There are 2 protein chains.
Amino acid sequence: MRVGSFLIAAALVASSAACRPSPQSETPVQSDDRPQPSVAQNTPLLIAKQGSFFVGGRKIHSDTLSSFSGRSPVGTVTVDQMYVHYQIPVDAVGVPIVLVHGCCLTGKTWETTPDGRMGWDEYFLRQRHAVYVVDQAARGRSAVDISAVNAVKMGQAERDRLPPLFFVSQEEQWLRFRFGPEYGTTFPGQQFPTDAIDEFWKQTVPDWIESLPSPNPTVRALSELAQRLNGAVIVSHSQSGLYPFSAAALSTEGIAGIVAIEPAACPEADSDLTPYVKIPSMVVWGDYVAQSPLWGPRFNGCQAFVAAVKKAGGQSENASLTAHGFAGNSHMLMQDLNSLDIAQWLLTWIDRHVKSATRLE
Amino acid sequence: MRVGSFLIAAALVASSAACRPSPQSETPVQSDDRPQPSVAQNTPLLIAKQGSFFVGGRKIHSDTLSSFSGRSPVGTVTVDQMYVHYQIPVDAVGVPIVLVHGCCLTGKTWETTPDGRMGWDEYFLRQRHAVYVVDQAARGRSAVDISAVNAVKMGQAERDRLPPLFFVSQEEQWLRFRFGPEYGTTFPGQQFPTDAIDEFWKQTVPDWIESLPSPNPTVRALSELAQRLNGAVIVSHSQSGLYPFSAAALSTEGIAGIVAIEPAACPEADSDLTPYVKIPSMVVWGDYVAQSPLWGPRFNGCQAFVAAVKKAGGQSENASLTAHGFAGNSHMLMQDLNSLDIAQWLLTWIDRHVKSATRLE
């Protein structure tokens, strides 16, 4: 046996020894019991299977695919599909986890942090969950429809037909993502790695969401993906925060749990709560939320929703990280300096609340 | 030891036994010596490290980031960066391989094939090479600049300022990618998995390349990436075919070898060949090329370039797969039914021609 293989075998033993606590524990989470990441981060990753595919999509005919000669303007293209990259660990024991990014970002959100630390995608994998990272429809590797832009350029439509696009400036993002009270300054105890902010800015992409059909095609694609997986926890963020709830309203099938990280909205408290009562859910908030004119009201809306679900007999929680021993978290808490502690805390919640059809032990 | 770990240990033994032939072999490739993929495809993947980052990028100021209220139009964004996803296998022995997609596509090109088989990204990894898959600047997870679209929508610019975008129709792509002589029919012996063509169409995205600065920012980003890796083989495809040569013209540092898969162009035969003489290179072509009015002339251009490099003392090859025992290959040969055989053949070429600074044995 070669030296490298010997090291792997040794790492396997270490990995087997690093199983997280039994999910059967009934002890409630205390504000002072913040768990530490329990998996060695430098041992080899053991992947049973990895790959990528698309969910959804529809063919459209267009006469304005190109505005210049040498490329035919007429024909068929497919849009509204959702790109999915997945990895399944050896010895998977947990429920699959689907990670859905927010506004102006892509699946990159969940990968390596701007300062080069492990992303949640790899952490959940090391904790023996299959992980599915998506690019929302019309974002990243999921195509957009440019027909209207070319129609205007070719003089076939007026300029008001141009799609409503936006690209969030770094100055605006700094405030919205609560890195600090004003651009370039940070909140006391801020956990976001602002020393690496330029690498974070490179993650930001233009957003075509306002040009998409309603409901957003990502919602149906998430529903279809969850059904294919026969039970998954959908973790959404910000702009996509509502999507797993909307998917559950289409069908609860396959949605084993919902974790909404600082959602732009929760369902209305006086809406039909039937689907949400059936699915354990948690809404998660970072720090500096109450004083934010953008996020404070969103927190309150989710608070009302969670209260209504609980009253109707469901399992739901509106969780401030500050009440669970975490301080200083930004809106990009999956990239904050304590991101893996939060990931581990989420897994503890999943273990306690989510029944997994795929659990093997 | 648990059963799963036992299986992994068994797989490790199998993996160690599956090393490919010694790269010291001097036997020339024969047309009938097409190698078979030599790595078990269902054993666990052993990853030492994986993650993602960006290379390049520049900050720009814009007054037209958004055309509608609620989103500030003014501020700073970063564009022209190149997204890179990487995986480094345990016991890496080969030179790192950088995979660069072509027109209207993203890094998805190199992942799972439309019919669900292993992509080259995983195959090279299993053959113990570190693999870097990029999204070209302004494609996939690498941001585009939408300022001009919004400027026109907001009435601040005329419609001719709109960027020259194109989205290649499925009908046009069928012909350009040589799936068959006309849309819906295939060449005899065609290797592309056209039964799964709808999954392939979902890989196609609009192309902003004509709106980018010249030279394409991807060229400098590839040069920077190769230098960071201290020696890499850059594998380009189609639209990006010329890019590794252009990167070599900037600096040969870090570029250990070039494999151009059906490039849109090779450097001119009468250009300054100094950088290309220093780097082993191979240009690879599928089937049905000679009769194609698009690809036939491109083949001939590369033939002249390769002849000039060889005359000047360099190692270069213009390789038709049909002369090496492969028949029926399309332009998307990394997704064809015999894609892993071709991948293995490429690795044999790399082993014979590329000196690796990172080779460990």
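Just above sits the structure.
Let us look at the structure shown here. (Residues numbered from 1 in each chain as written. Chains lettered and ligands numbered in written order. Predicted model: local features only at pLDDT ≥ 70, side-chain atom pairs only at ≥ 80, totals over all residues.)

**What to know about the overall build of chain A**
Each helix and strand in chain A was counted, giving ten helices and eight strands. Counting over 361 residues, chain A shows a buried share of 55%. Long-range contacts, defined as pairs at least 24 residues apart, comprise 73% of the intrachain contacts of chain A with a sequence gap of at least 6. (Helix = DSSP H or I, 4+ residues; strand = E, 2+ residues; numbered from the N terminus. Buried ≥ 20, exposed ≤ 12 C-beta atoms within 10 Å, placed from the backbone. Contact = placed C-beta atoms within 7 Å.)

**As for the environment of Ser271(A)**
Structurally, the position occupied by Ser271(A) is in the loop between strand 6 (255-261) and helix 8 (274-277). As a C-alpha pair, Ser271(A) and Leu125(A) span 146 residues in sequence and 35 Å in three-dimensional space.

**What about the relation of the copies chain B and chain A?**
Rotating chain B by 180° and translating it 0.0 Å along the rotation axis places it on chain A, where the RMSD comes to 0.0 Å. The operation mapping one copy onto its partner corresponds to a two-fold rotation axis. No C-alpha of chain B lies nearer the rotation axis than that of Gly140(B), which sits 2.1 Å from it. A shared interface surface links the copies, since 100% of the contact residues of chain B are contact residues in chain A too. (Least-squares fit on C-alpha atoms with pLDDT ≥ 70 in both.)

**Focus: the interface of chain B and chain A**
Across the contact, 64 residues belong to chain B and 64 residues belong to chain A. At the level of elements, helix 1 (3-16), strand 1 (45-62), strand 2 (75-89), helix 3 (147-153), helix 4 (170-176) and helix 5 (197-201) of chain B are the ones that each hand at least two residues to the side of chain B that touches chain A. Considering each element in turn, the side of chain B that touches chain A owes the most residues, ten residues, to strand 1 of chain B. Of the residues contributing to the side of chain B that touches chain A, the split by class is 30 nonpolar, 21 polar and 13 charged. (Nonpolar A, V, L, I, M, F, W, Y, C, P; charged D, E, K, R; others polar.)

**A word on helix 10 (residues 339-353) of chain A**
Spanning 15 residues, helix 10 of chain A covers 21 Å between terminal C-alpha atoms, matching the ideal 21 Å at 1.5 Å per step. Buried positions along helix 10 of chain A lie against helix 2 (120-126), strand 5 (232-237) and strand 6 of chain A. (Expected span 1.5 Å × (residues − 1).)

**Some points on the pairing of strand 2 of chain B**
Residues and elements named next belong to chain B. With respect to burial, strand 2 is a largely interior element, 13 of its 15 residues being buried. Pairing of strand 1 with strand 2, which is carried by 14 bridges, proceeds in the antiparallel orientation. The residue of strand 2 that forms the bridge with Lys 49 is Ile 88. Across five bridges, strand 2 lies against strand 4 (residues 131-135) in antiparallel orientation. In the strand pairing of strand 4, Tyr 83 is matched with Asp 135. (Pairing = 2+ DSSP bridges.)

**Remarks on the pairing of strand 7 (residues 281-285) of chain A**
All names here are of chain A. For strand 7, a buried count of five out of five residues is recorded, marking the element as mostly surrounded by other parts of the structure. Neither face of strand 7 is left uncovered, since the one carrying Ser 281, Val 283 and Trp 285 and the one carrying Met 282 and Val 284 both have all their residues buried. Of the strand pairs in this sheet, strand 6 and strand 7 are connected by four bridges, and their pairing is parallel. Across the sheet, Ile 261 pairs through a bridge with Val 284, a residue of strand 7. Taking the sense of rotation as the criterion, the β-α-β connection linking strand 7, helix 9 (residues 295-311) and strand 8 (residues 316-320) turns out right-handed. (Right-handed = clockwise from strand over helix to strand, strands pointing away.)

**Focus: the packing of helix 6 (residues 217-229) of chain A against helix 7 (residues 243-250) of chain A**
Residue and element names in this part refer to chain A. In contact at an axis separation of 8 Å, helix 6 and helix 7 are set at 70° when each is read in the N-to-C sense. With respect to each other, helix 6 and helix 7 are oriented roughly perpendicular. Like other packed secondary-structure pairs, helix 6 and helix 7 cross with a definite hand, here right-handed. Mapping the contact onto sequence places Thr 218, Val 219, Arg 220, Leu 222, Ser 223 and Ala 226 in helix 6 and Tyr 243, Pro 244, Ser 246, Ala 247 and Leu 250 in helix 7. Residue composition of the contact of helix 6 with helix 7, by class: seven nonpolar, three polar and one charged. (Axes fitted to C-alpha atoms, helices over the stretch in contact; angles between N-to-C directions. Parallel < 35°, antiparallel > 145°, perpendicular 65-115°, else oblique. Left-handed = near helix turned anticlockwise from the far one by under 90°.)

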